[in-house]
Amino acid sequence: MSVARGTEITSSSTKSFKDAIEEGIARASKTLKNVEGAWIQDQKVVVEDGKIVAYRVNMKVTFILND
């Protein structure tokens, strides 16, 4: 039997939402073992002078706990 846990993280990128998601998962995987998936809860852009300067995502990352 496996037991999973979730943690909420926010990630940002100047390129795209996809890049923000990939950066967030890569960073979470450095600290958390057995990352199994993520649920993207929210997406947001930061605008300055009428231009998008950052893409942000809030996500819940799920990982399996070791025995």
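Our subject is the structure that appears above.
Read on for a plain summary of the structure. (Residues numbered from 1 in each chain as written. Predicted model: local features only at pLDDT ≥ 70, side-chain atom pairs only at ≥ 80, totals over all residues. Heavy atoms only, no water.)

**Points about unusual backbone geometry**
Residue N34 is not a glycine yet carries a positive backbone phi of 65°. The phi dihedral of D49 falls on the positive side, at around 55°, and the residue is not glycine. Within the element layout of this structure, D49 appears in the loop between strand 2 (35-48) and strand 3 (51-64). Looking at D49, the relative accessible area reads 82%, which means it is exposed. (Helix = DSSP H or I, 4+ residues; strand = E, 2+ residues; numbered from the N terminus. Buried < 20%, exposed > 50% of the residue type's maximum accessible area, 1.4 Å probe, protein only.)

**Regarding the nonpolar core**
Core analysis: the biggest nonpolar cluster contains seven residues, these being A20, A28, L32, V57, M59, V61 and F63. Mapped by element, the contributors of at least two residues to this core are helix 1 (17-31) and strand 3. Considering each element in turn, this core owes the most residues, four residues, to strand 3. Once residues lying within four places of it in the same chain are set aside, the contact partners of F63 are V3, A4, R5, G6, T7, L32, K33, N34, V35 and E36. (Core = buried A, V, L, I, M, F, W, Y, C linked by side-chain atoms within 4.5 Å. Contact = heavy atoms within 4.5 Å.)

Any functional reading would require information beyond the geometric quantities listed.
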